[in-house]
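Chain and residue survey
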Amino acid sequence: MNANDVKAGIKKYLGFASNFFIKLDQKQKILFVSGAAICLVLIILLVRFVTQPNLVPLYSDIELQDAAEITEYLKDNNISFELKDEGSTILVPEDQKYQVRLDLADSGLPKGNVVGFESFDAMRFGETESTQKVRYTVALQGELERTISKIAGVDDVRVHIAIPEESLFVEDEKEATSSVFVDLKPGCNLEDTQVHGITRLVASGVEGLTAENVTVVDSDGNVLSDSIGGKTQISGQLTTNQMQLKFDYEKRLDNSLQSMLERVVGTGKAVVCSNVVFDFDQVEIKKEDYGDNEIRKNHTVEETSTGGDTAQGQPGTGANIPDYQQVENEDGIYDQRTEKTTDYEIDIETTHRFVAPGKIEQISVSVLLGDEFGVQEQQRIADMVSSAAGVRLESEDRVTVTCLPFDSTEEEEGQGMGGFWSYKLLIILIIFLVLAAAILLFWLLRRNKTETKLSEQEMIVQDLLNSKQQEVMTPSPEQREEKEMLYKLRELAQDNSKETAEVLRAWLSNDQR
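In this report, we go over the structure that sits alongside the text. (Residues numbered from 1 in each chain as written. Predicted model: local features only at pLDDT ≥ 70, side-chain atom pairs only at ≥ 80, totals over all residues. Heavy atoms only, no water.)

**Considerations on the packing of helix α5 (residues 129–148) against helix α6 (residues 192–205)**
Short version of the rule: Lines fitted to C-alpha atoms define the axes, with helix axes restricted to the stretch in contact, and inter-axis angles between N-to-C directions lie between 0 and 180 degrees. Strands are runs of DSSP state E lasting at least 2 residues, helices are runs of H or I lasting at least 4, and numbering of each runs from the N terminus. Roughly parallel means an angle under 35 degrees; roughly antiparallel, over 145; roughly perpendicular, 65 to 115; everything else is oblique. In this scheme the handedness of a crossing depends on how the near helix is turned from the far one: anticlockwise by less than a right angle means left-handed, clockwise means right-handed. Note on contacts: a residue pair is in contact if any heavy atoms of the two residues lie within 4.5 Å. Throughout, the ten residues Ala, Val, Leu, Ile, Met, Phe, Trp, Tyr, Cys and Pro are labelled nonpolar, Asp, Glu, Lys and Arg are labelled charged, and all others, Gly among them, are labelled polar.
At their nearest, the axes of α5 and α6 sit 11 Å apart, and the two run at 150° to each other. Comparing their axes, α6 and α5 come out roughly antiparallel. Here the hand of the crossing between α5 and α6 comes out right-handed. The segment α5 lies against α6, with L140, L144, T147 and I148 engaging I198, L201, V202 and G205. Taken together, the residues of the contact of α5 with α6 break down into six nonpolar, two polar and no charged.

Written out as structure tokens, the structure reads:
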């Protein structure tokens, strides 16, 4: 096939299409052109959809500065991309995602606006000591932010560290403090153990910083570090925890005591109310005990000096003191001095103990019984309640048992209302049953009537079918005569075939005439 044949074929088809289009009326032409345009648009969209690469997120929720540097890198390397979420999300082709991430990491992107210890990789000449301290603090904050951001549920984090300057005097020294701001992911909350881990992590990473001086705050302004205790707890939160602990303990105590008493006096015939006083003071006890003094060693020194007519005594003012004792004998003057030293063995026992808050100082339990009981029975009930509640006899704990009839007005009214509603419910139930029975009876009657009509129609149809069948099975006299004649002709044709052929030929010739 040469080029001329191709051109001829194209002209042929174009002429056919032109003739087809000319034969159409105005309305058909409009519909034909519209349909062709729609098909062309659909084909273009389909081709674009098939050929367009599948874009996946390269990075999400990144800083705008990092997004600008990453997009500039993608443009320089002719990598197609798309921006979403106001530029904080960058989409790239799925088959290039991981390679692009490796290339960006090699270029130091994204930076994330966090400066770590990599800032010390480059030497800076002329930098003062104070500037180095500031750079070190900023780098330490950045490293802590990178570490805390890996915790589950944390979307973003900022760490601030305040390290006081060193002082020459101990009393002027101040403790280091730190604050941690965490932005949590939607629907996520930090557990107390996670908050405790953050405080310990920051305290362990900063010299001279304790966990009590670390404050953790979320994006809603809630102080999360208050829930784990410590010196940083504010009084409002501490009071809330105290009241919750007191309420829970009293509720459990009331339920257990009432359950025990109802097994004895009957259900609903005992009411228990308790009041527990807690000591929430945190006490630190330091104690030193000294044992008996035992002699470890004795040391005695005696000195004696004698002399004649020579001058005696020590030079200076000591010899002129009037109270200086001198003993004279016949040989002259002499001095005598005795020095005795005794060392004792001291037994010291040092105790350092922390008393946790939440100690029970007093328990008061009041028991109200609805029936009358004797004095001995009341005392037995009081002893039983005291043992179950942990009442201490030597303390100010107390248990009171009172027998008073309960107010049954509300119960009677409740019973009366219960009877009234029971009566109404019974009437409603009877009406419902009557209506259900009537509907069921109506349905049965209607069904029986329908079945009766159907049976009558079926009988009529069956009669008609039977009559038709009898008509078909019982032939008329003419049909019987015709049938007999055909039978005889068939026998005659079989016996005399030649004669029969001549007769048929004569009939046909007569018909043609």
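Still to come is the rest of the account.
**Quick word on the sheet that holds strand β4 (residues 154–162)**
Here is the rule: One requirement defines pairing of two strands: DSSP has to find at least two bridges between them.
Sheet architecture is open: three strands sit in the order β4-β5-β6, paired in mixed fashion. Only two strands of the sheet have a single neighbouring strand rather than two, namely β4 and β6 (214–218). Ignoring which end each strand starts from, the neighbouring axes of this sheet average 15° apart. Of the strand pairs in this sheet, β4 and strand β5 (residues 177–184) are connected by eight bridges, and their pairing is antiparallel. Considered in β5, the bridge of R158 is made with F181. Sheet strands in contact with α5 are β4 and β5, and its direction is about 150° off that of β4. In the packing of α6 onto the sheet, contacts are made with β5 and β6, and the angle to β6 comes to roughly 135°.

**Section: the nonpolar core**
Operational definition: For this analysis, a nonpolar core means a set of buried residues of the types Ala, Val, Leu, Ile, Met, Phe, Trp, Tyr and Cys, connected via side-chain atoms within 4.5 Å. The buried label goes to any residue with under 20% of its type's maximum accessible area, the exposed label to any with over 50%, and the partly exposed label to all in between, with areas taken from a 1.4 Å probe on protein chains only.
Grouped together as the largest cluster of nonpolar side chains are 21 residues, with contacts concentrated most on V180, V182, L190 and V202. For this core, the secondary-structure elements that each account for two or more residues are α5, β4, β5, α6 and β6. Sequence-distant contacts of V202, that is, excluding residues within four places in its chain, are made with L144, I148, S178, V180, L209 and V214. L253, V276, F278 and I363 belong to the second-largest nonpolar core, a separate cluster that totals 20 residues.

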